[in-house]
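What follows is each chain in one-letter form.
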Amino acid sequence: MTYRVGIDLGGTNIVAGVVDEEYRILSKAAGKTRAPRPVAEVVADMDGLYRQCVEKAGLTTDDIQSIGVGSPGVINREKGEVEHAANLAFLDAPVVPLLRQRSGKTVYMDNDANVAAYGELVAGAGRGYRDMVAITLGTGVGGGIIVGGKIWPGSYYGGAELGHMVVEKDGVPCTCGRNGCLEAYGSATGLIRMTREKMRQCPDSAMWAQCGGDVEAVDGRTAFRAADSGDEAAKQVLERYTDYLACGVANIVNILQPQLIVIGGGISKEGEKLVAPIRQKAMGVVMSRYSKQNTAITTAQLGNDAAIIGAAMLESAQ
Ligand SMILES: [Zn+2]
């Protein structure tokens with residue numbers, strides 16, 4: 001049996017896991033990122049978590065074939081550097097050379113959203129597919145593109161930023177500095193903002209009861225639960241939310257027409273309540289809408305484990 005370690009390096013947490021040949025996670029070890037810190041310190045912690053999870057799995061480091069890292073930001077594969085990651089405050093941070101030095105292992109690294117997409121491809125919703133796009137609806141909107149079973153990171157590693165396609169010209173400001181990005185409307189953050197806006201207009205909405213009368217307590221579920229009870233205002237929020245997501249999905253299908261689009265992140269737990277309207281709206285407007293065979297749209301299966309599994313398997317992804 002061959003074992004690999006995947007490390008999910010996030011702005012808040014670092015999680016390392018041992019993954020076997022059947023894509024099972026045998027053990028995990030987690031710590032705080034405590035950004036901003038110098039890259040050498042963060043890598044020292046990553047190395048410590050790598051050793052911890054190997055020990056927890058009842059293995060030794062000799063049993064580990066390679067280490068893979070999923071990191072936020074633009075990842076230069078040739079240099080093994082995080083060129084820029086705002087939430088880590090990294091600039092040209094040589095994560096791969098430093099971790100290779102410490103661990104004595106071959107180390108691979110890619111962007112976190114790309115890595116999560118690859119995890120879903122090999123072990124989750126994308127099993128059996130070659131061409132797949134993943135979008136993750138969280139605080140922001142992450143994007144990963146898989147072509148021919150490999151991660152497609154862009155010619156200079158800065159592509160596949162699907163969350164930053166504009167879906168509302170001159171819309172609300174995005175974290176990237178532009179206005180009207182999919183991230184500003186299709187993320188959980190965007191849904192929460194739209195839910196609050198509607199609640200202020202509709203004092204009688206059942207959404208108020210869902211959050212105990214406190215707009216600060218609104219989350220990504222508020223509108224879904226109120227809509228379940230038949231609340232019209234909540235249905236309008238979800239109509240608008242899925243309109244934006246469908247716009248993004250239709251753009252992806254028009255440009256790439258992958259075999260599969262996988263929608264992940266916390267909101268994707270709503271399953272068909274989220275995906276069915278997106279599928280119906282997007283696939284009805286794409287150029288290929290009369291084609292017999294077209295892009296399938298489904299929810300992710302692995303949650304946060306996708307990043308660990310995808311990172312561990314990076315050896316075959318790049
Ligand atoms: Zn943006």
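Everything quoted here is computed from the prediction, not taken from an experiment.

### Quick word on the side chain of Asn114
In this structure, Asn114 sits in helix H3 (residues 112–123). Residue classification places Asn114 among the buried residues on the basis of a relative accessible area of 4%.

### Examining the coordination of the zinc ion
Six octahedral donors around a metal ideally make angles of 90 or 180 degrees; four tetrahedral donors ideally make 109.5 degrees. Surrounding the zinc ion are the protein donor atoms His164 (ND1), Cys174 (SG), Cys176 (SG) and Cys181 (SG), at 2.0 to 2.3 Å. Coordination at the zinc ion is tetrahedral: its 4 donor atoms span angles of 104 to 122° at the metal. Donor residues for the zinc ion sit on one chain with the sequence pattern H-x9-C-x1-C-x4-C. Within this pair, whereas His164 is found in the loop between strand S11 (150–151) and helix H4 (182–186), its partner Cys174 is found in the loop between S11 and H4, the two being separated by 10 residues in sequence. A relative accessible area of 10% places Cys174 in the buried class.

### Here we look at helix H1 (residues 39–56)
An ideal rise of 1.5 Å per residue puts 26 Å on 18 residues; H1 measures up with 26 Å between its terminal C-alpha atoms. The set of residues buried in H1 consists of Val39, Val42, Val43, Met46, Asp47, Leu49, Tyr50, Cys53 and Val54. Burial along H1 is one-sided: seen end-on, the buried residues are contained in an arc of 165°. For H1, exposure combined with an orientation more than 90 degrees from the buried face picks out Glu55 and Lys56.

### Topic: the pairing of strand S12 (residues 260–264)
Of all 5 residues in S12, 5 are buried; the element is thus mostly enclosed. Every second residue of S12 is oriented toward a common face, with Leu260, Val262 and Gly264 on one face and Ile261 and Ile263 on the other, all of them buried. Note: strand S9 (residues 132–137) against S12, 5 bridges, orientation parallel. Paired with Val133 across the bridge in S12 is Ile261. Here S12 runs beside strand S13 (residues 296–299); their pairing, made up of 4 bridges, is parallel. By the bridge assignment, Leu260 is partnered in S13 with Ala296. On the question of chirality, the crossover connecting S12 to the parallel S13 by way of helix H9 (residues 272–283) is right-handed.

Thresholds applied
- Residues numbered from 1 in each chain as written.
- Predicted model: local features only at pLDDT ≥ 70, side-chain atom pairs only at ≥ 80, totals over all residues.
- Heavy atoms only, no water.
- Helix = DSSP H or I, 4+ residues; strand = E, 2+ residues; numbered from the N terminus.
- Buried < 20%, exposed > 50% of the residue type's maximum accessible area, 1.4 Å probe, protein only.
- Donors = N, O, S within 2.8 Å, 3.2 Å for Na, K, Ca; no water.
- Tetrahedral: all angles 85-135°; square planar, octahedral: opposite > 155°, others 65-115°.
- Expected span 1.5 Å × (residues − 1).
- Arc of directions from axis to C-beta.
- Pairing = 2+ DSSP bridges.
- Right-handed = clockwise from strand over helix to strand, strands pointing away.

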